[in-house]
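Each chain, letter by letter, is given below.
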Amino acid sequence: MEHEFWHERWAEQRIGFHQPEVNKYLQTFFERLNVADFEQVFVPLCGKSLDMLWLREQDCSVLGVEISETACTGFFSENGIDIEAYPHGAFSVREVDSIRLLCGDFFRLTADELAKVSAVYDRAALIALPKEMRLRYVQRLLDILPAGVKILLITLEFEGEQGPPFNVPANEINELFAPRFHINRLHEERPTDPKDAGRTEVVWLLSDKATN
Ligand SMILES: C[S@@+](CC[C@H](N)C(=O)[O-])C[C@H]1O[C@@H](n2cnc3c(N)ncnc32)[C@H](O)[C@@H]1O
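Right, let's walk through the structure included here. Computed from a predicted structure; not experimentally measured.

### Remarks on the pattern of salt bridges
Where side chains of opposite charge bring their charged atoms close, a pairing between them can arise. Counting across every chain of the model gives 14 salt bridges. With its nearest N and O atoms 3.3 Å apart, the salt bridge here joins arginine 100 to glutamate 113. One end of the pair, arginine 100, is in strand β5 (residues 99-103); the other, glutamate 113, is in the loop between β5 and β6 (117-123), with 13 residues separating them in the sequence. An identical accessibility class is assigned to arginine 100 and glutamate 113; each is buried. The partner of lysine 195 in a salt bridge is aspartate 196, with the nearest N and O atoms 3.6 Å apart. Look at lysine 195 and you get exposed, because its relative accessible area is 65%. In this structure, a network of salt bridges that share partners links the residues Glu95, Arg100 and Glu113.

Shown next, in the form of structure tokens:
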């Protein structure tokens, strides 16, 4: 998925993936991440998700990365926060009240940026990417994440290859993460909205074998 694809989606406000409310699976399963107060949760490909505000309300520090300047400015302005960005390496950074939002390409992140992360919350990041990019995404993520992290991951399963969002079957989760993580399929649910007919939402908890 090229950057231009996402820039166009944001420019045209074709952002059906954006949820007007905090994600229910995050609220239900957050405690399984065992995040202590002030520990940092990484939200890759974060858009302008309200989930970041909710995480901060749980006393987490939040680190988001998002390619779209429109999404990054929207996140703050729509939540009544007036803030200027400053340049930092490959990113423009906005930081306020324990939320640090990096505007730029996920693939330019380094281990230094993620050094304090203790958990990852992936909603509509992995499933936003086509198969070959998912492999690169996970390889990069695992290269730069510190040891001992847990990941709360929400995926979709359905028949078909079209996307985004893409079908990410259980065997692929296994191939991508099993070398390093214990994999726990926490929950699955068929959405009630008719537009989601045939889809199953799946919630995964991935725990780094290094310390768990
Ligand atoms: C399907 S949306 C999900 C957004 C958010 N996680 C949510 O739940 O609303 C995927 C997001 O990833 C962003 N994105 C795509 N490729 C990216 C990249 N290489 N680096 C950073 N962000 C990227 C897009 O701009 C888009 O906002």
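Following the structure, the description resumes.
### A short note on the pairing of β6
Where burial is concerned, most of β6 is hidden: 5 out of the 7 residues are buried. Across 3 bridges, strand β1 (residues 40-44) lies against β6 in parallel orientation. Bridging across to β6, phenylalanine 42 finds its partner in valine 120. Where β6 and strand β7 (residues 150-157) come together, 5 bridges link them in parallel fashion.

Criteria and cut-off values
Residues numbered from 1 in each chain as written. Predicted model: local features only at pLDDT ≥ 70, side-chain atom pairs only at ≥ 80, totals over all residues. Heavy atoms only, no water. Salt bridge = Lys/Arg side-chain N within 4 Å of Asp/Glu carboxyl O. Helix = DSSP H or I, 4+ residues; strand = E, 2+ residues; numbered from the N terminus. Buried < 20%, exposed > 50% of the residue type's maximum accessible area, 1.4 Å probe, protein only. Pairing = 2+ DSSP bridges.

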